[in-house]
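# Survey of secondary and tertiary structure
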Amino acid sequence: MKRLVRRRGRAARESAARRALHVRAQLGVAADIAIQARRRALAARRDTHAESADQRPPRGRVTVDDVLARAHQHFGLTSIPREEAAAVLRARYELRGCHRDLDTDAPALAPGAPRPAVPGI
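Cut-offs used in this document
- Residues numbered from 1 in each chain as written.
- Predicted model: local features only at pLDDT ≥ 70, side-chain atom pairs only at ≥ 80, totals over all residues.
- Heavy atoms only, no water.
- Core = buried A, V, L, I, M, F, W, Y, C linked by side-chain atoms within 4.5 Å.
- Buried < 20%, exposed > 50% of the residue type's maximum accessible area, 1.4 Å probe, protein only.
- Helix = DSSP H or I, 4+ residues; strand = E, 2+ residues; numbered from the N terminus.
- Contact = heavy atoms within 4.5 Å.
- Axes fitted to C-alpha atoms, helices over the stretch in contact; angles between N-to-C directions.
- Parallel < 35°, antiparallel > 145°, perpendicular 65-115°, else oblique.
- Nonpolar A, V, L, I, M, F, W, Y, C, P; charged D, E, K, R; others polar.
- pLDDT = per-residue confidence, 0-100.
- Salt bridge = Lys/Arg side-chain N within 4 Å of Asp/Glu carboxyl O.

Attention now moves to the nonpolar core. When a protein is soluble and globular, its nonpolar side chains tend to lie buried together. Grouped together as the largest cluster of nonpolar side chains are 21 residues, with contacts concentrated most on Val-67, Leu-89 and Leu-102. Broken down by secondary-structure element, the contributors of at least two residues to this core are helix 1 (2-48), helix 2 (64-75) and helix 3 (82-95). If one sorts the elements of this core by residue count, helix 1 sits on top with seven residues. Not counting residues up to four positions away in its chain, the partners in contact with Val-67 are Leu-27, Ala-30, Ala-31, Ala-34 and Leu-89.

Next up, the structure:
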């Protein structure tokens, strides 16, 4: 009987690990969708406003909330921790070279990131 319990326990752990990888992959796709949507909106804004030579090109901002909204909209994910979404967004942001045209709030929310100093303490 103990052997059967161990098999079920191992199967449950393996299933949970596969599920976690699947959710992380879905979050990666949601982050890519959010980044691409923000870049498209930024490109449309650039097209409508003619830039002069002395102006800086506008920058967009992709947030963790954008990723969570896309994850819910496309994959039905509802209970994703903000820290996990921030870590995935930060990884996808760096991979896609978004520092050129986008800003994000992911580095401040990702686990292990240094917390900003609180003034007055």
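Another point: the environment of Ala-31. For Ala-31, the location among the structural elements is in helix 1. The spatial distance from the C-alpha of Ala-31 to the C-alpha of Val-64 is 8.5 Å, given a sequence separation of 33 residues. Beyond its immediate chain neighbours, meaning those up to four positions away, Ala-31 contacts Val-67, Val-88, Leu-89 and Arg-92.

Moving on, we come to the side chain of Gln-26. Mapping Gln-26 onto the fold places it in helix 1. The contacts of Gln-26, once residues within four sequence positions are left out, are Phe-75 and Leu-77.

Packing of helix 2 against helix 3 brings their axes to within 9 Å, and their N-to-C directions diverge by 100°. When the axes of helix 2 and helix 3 are compared, the pair comes out roughly perpendicular. Contacts between helix 2 and helix 3 involve Val-64, Asp-65, Val-67 and Leu-68 from the former and Arg-82, Ala-85, Ala-86 and Leu-89 from the latter. Partitioned by chemical class, the residues of the contact of helix 2 with helix 3 number six nonpolar, no polar and two charged.

Below, the discussion takes up the confidence of the model for the protein chain. Summing up the model confidence of the protein chain, the mean pLDDT is 82 and the portion of residues at 70 or higher is 77%. Within the protein chain, helix 4 (residues 106-109) has the poorest average pLDDT of any element, 80, and helix 2 the best, 95. Contacts for the low-pLDDT stretch residues 117-121, under 50 throughout, to residues beyond four places or in other chains number zero contacts.

This part covers the pattern of salt bridges. For the coordinates displayed, the defined rule picks out seven salt bridges. For the salt bridge of Arg-39 with Asp-101, the shortest nitrogen-to-oxygen distance reads 3.1 Å. Here Arg-39, found in helix 1, pairs with Asp-101, found in the loop between helix 3 and strand 2 (102-104); they are 62 residues apart in sequence, far enough to count as distant. Taking the relative accessible area as the measure of exposure, Asp-101 reaches 14% and is therefore buried.

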